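# Inside the fold
These are the residues of each chain, in order.
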Amino acid sequence: MVSYDPTIREMLLPVDTGSALPQKKTPSGRTRVLQVNYTRSQTGELVETEIEHLWFFAQTAKELGLRLEILTYGISREDLDQELNQNKYKGLEYHITLSQKPVWKWAEDSVEYLENGKVAVLKPFNDELLEWGMTEGRRHRWQGMLTQENLEEALEEDDLWIPLGVRVNASETGTALEHVAQAKGQQVAHIRAYIEGGNMITGEDATGKPVLLIGKDAIATTASVYQLDYNNVRQIICEDFGLETLDQVICVEQPGKFHLDMGLLFIGNGIVILNDSSADLQDAIEMAQMVPCLTTEKMATKLKLQSGLEEAAAKDLEEAGIQVIREKLEKDMMYNFFNGEFVEGKDGLDYYITNGGPKEKEQEFEALMVRDYQVVNQVIFSPTVTAQKSLKERGGVGCRIKGVQG
């Protein structure tokens with residue numbers, strides 16, 4: 001057990017999760033239920049991207065025999081009734097819950113559904129403390145990857161480089177979800193470390209032992225808020241999620257992304273596919289040499305940082321005994337196949353739901369997943385235009401759905 005300073009002990013809530021593991025995001029999770037949040041705009045207008053994703057999730061769930069748990073708010077309920085009552089969705093199993101507070105579309109990041117049936121939400125943190133802690137963690141870890149001038153720019157203008165992953169705290173979605181769960185008679189627990197869902201991936205190592213991949217932004221931020229070291233933070237996570245040893249909490253450098261699930265894919269059994277930006281970096285360097293200007297030089301600098309962070313992530317994973325496969329599976333707002341959800345269909349086979357992209361890239365990725373790595377029976381892609389609109393908002397299919405134990 002960790003020995004905490006008395007002041008820190010007052011900040012830490014007691015463990016109330018029942019020390020249960022979150023639903024796994026690897027195929028072994030056998031996910032049969034998907035949580036989806038549907039909402040109109042803040043002004044009450046229909047949002048094309050949201051309704052298009054609703055169509056996609058409903059059609060996919062019907063075809064695979066999955067159940068949808070849909071959380072919505074206010075007038076948005078009318079859209080669900082109008083859409084899902086159509087004949088094309090006949091046979092779809094779903095349930096709609098009406099929140100008393102506004103909800104947001106990123107269902108992945110604000111809650112964990114634990115194996116003991118509890119709903120675990122993030123405790124609220126001070127916004128300024130969170131942002132400061134995450135920024136200082138990056139400052140410490142990223143020294144030497146950039147010139148000091150570029151490092152300071154990357155930290156000060158994170159939105160233009162690698163955004164800080166503090167959206168959940170800013171949205172207060174955890175409070176809304178807590179009220180919803182309590183109204184449904186579910187037991188609510190609290191995650192004490194600041195871990196947005198997309199920055200924690202639950203899976204298993206090569207021996208089948210449960211492990212959590214946690215982005216180092218989350219570890220550093222929690223350490224800063226509670227004034228603890230990294231191992232103390234890992235111990236907190238072990239206590240919350242019922243892990244026996246610290247090495248089951250694997251701290252991973254952000255792979256050039258604000259969340260792990262935008263830059264790596266845990267395919268199970270101790271194997272992770274990690275992004276590889278090395279070719280893009282080389283192209284950017286050559287372009288900066290041929291056409292030297294602020295734009296080309298800045299692009300090369302940003303890709304240097306991303307590539308360096310990917311290498312650091314690979315080292316973190318390999319040192320923890322995880323096998324790393326390097327593949328280029330994302331391209332800015334064009335496509336991102338890292339971001340998705342493994343599910344089990346009614347036929348008992350495994351499927352992977354992800355963002356659509358250029359057809360040739362979809363075909364290459366499906367060949368990797370089905371033929372080469374033999375992870376799933378089929379990859380199901382969202383409509384390409386819909387996916388690209390979502391990626392422009394820095395989130396994809398994997399951010400919009402959350403696997404729940406069936």
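The following refers to the structure shown. Since we're looking at a predicted model, the values are computed, not measured.

### Here we look at the sheet that holds strand β4 (residues 111-113)
Ordered by their spatial adjacency, 3 strands build an open sheet running β4-β5-β6, and the pairing between neighbours is mixed. With partners counted over all chains shown, the strands left at the sheet margins are β4 and β6 (188-191), one partner each. Each strand of the sheet is rotated relative to its neighbour by a mean of 30 degrees, with strand direction disregarded. Inspection of the sheet shows β4 paired to strand β5 (residues 119-122) by 3 bridges, in the antiparallel sense. Within β5, the position partnered with V111 by the bridge is V121.

### Brief notes about the side chain of E178
By secondary structure assignment, the location of E178 is in helix α7 (residues 173-183). Despite its burial, E178 pairs with no opposite charge, the nearest such side chain being K101 at 9.0 Å. If sequence neighbours within four positions are ignored, E178 has contacts with V121, V188 and H190.

### A look at the sheet that holds strand β9 (residues 249-252)
With mixed pairing, 3 strands are arranged side by side in an open sheet as β7-β8-β9. Both edges of this open sheet fall to β7 (200-204) and β9, since each of them pairs with a single strand only. Adjacent strand axes in the sheet meet at a mean angle of 25 degrees when their direction is disregarded. Relative to β9, strand β8 (residues 210-215) is paired through 4 bridges, and the arrangement is parallel. Bridging across to β9, I214 finds its partner in C251. Relative to β8, helix α8 (residues 216-226) is tilted by about 75 degrees, and along the sheet it contacts β8 and β9.

### Thoughts on the packing of aromatic side chains
Tallied over the entire structure, the rule returns 9 aromatic pairs. Counting every residue linked through ring pairs, the aromatic cluster contains Y335, F337, F342, Y352, F365 and F381. The aromatic ring of W55 is capped on one face by K88, whose charged end is 6.0 Å from the ring centroid. Across from the ring centre of F125, 4.4 Å away, lies the NZ or CZ of K123, which sits over that ring.

### A short note on the pairing of β6
Side chains V188 and H190 project from β6 onto one buried face, and the interleaved A189 and I191 project onto a second face that is buried too. In this sheet, β6 lies alongside β5 in parallel orientation, the contact comprising 4 bridges. Following the sheet pairing, L122 is matched in β6 by I191.

### Observations concerning the nonpolar core
Y194, I195, L212, I214, Y226, I237 and F241 are the most contacted members of the largest nonpolar core, which totals 40 residues. Every element with two or more residues in this core is listed here: β5, α4 (127-141), β6, β8, α8, α9 (230-241) and β9. Each residue touching F241, except ones within four places of it in the same chain, is listed here: S19, A20, L21, P22, L114, I191, M200 and L212.

### What to know about a negative patch on the surface
Residues D127, E128, E131 and E172 make up a contiguous surface patch of negative charge. Inspection of the secondary structure assignment puts E172 in the loop between α6 (167-171) and α7.

### Quick notes on helix α10 (residues 278-290)
With 13 residues, α10 extends 19 Å between its outermost C-alpha atoms, agreeing within 8% with the 18 Å of an ideal straight helix rising 1.5 Å per residue. Turning to α10, its buried residues number three or more, namely D280, L281, A284 and A288. Angular distribution of buried residues about the axis of α10 spans 100 degrees; they occupy a single face of the element. Relative to its buried face, α10 has exposed residues pointing more than 90 degrees away, namely Q289 and M290. In this structure, the buried side of α10 is in contact with α11 (294-319) and β13 (330-331).

Here is what the cut-offs are and how they apply
Residues numbered from 1 in each chain as written. Predicted model: local features only at pLDDT ≥ 70, side-chain atom pairs only at ≥ 80, totals over all residues. Heavy atoms only, no water. Pairing = 2+ DSSP bridges. Helix = DSSP H or I, 4+ residues; strand = E, 2+ residues; numbered from the N terminus. Axes fitted to C-alpha atoms, helices over the stretch in contact; angles between N-to-C directions. Buried < 20%, exposed > 50% of the residue type's maximum accessible area, 1.4 Å probe, protein only. Lys, Arg positive; Asp, Glu negative; His and termini not counted. Salt bridge = Lys/Arg side-chain N within 4 Å of Asp/Glu carboxyl O. Contact = heavy atoms within 4.5 Å. Phe/Tyr/Trp six-rings, centres within 6.5 Å; stacked < 30°, edge-to-face > 60°. Lys NZ or Arg CZ within 6 Å of the ring centre and 35° of its normal. Core = buried A, V, L, I, M, F, W, Y, C linked by side-chain atoms within 4.5 Å. Patch = residues over 30% accessible without salt bridge, like charges linked within 9 Å, V, L, I, M, F, W, Y side chains within 5 Å. Areas by Shrake-Rupley, 256 points an atom, 1.4 Å probe, with all protein chains shown as cover. Charge placed at Lys NZ, Arg CZ, Asp CG, Glu CD. Expected span 1.5 Å × (residues − 1). Arc of directions from axis to C-beta.

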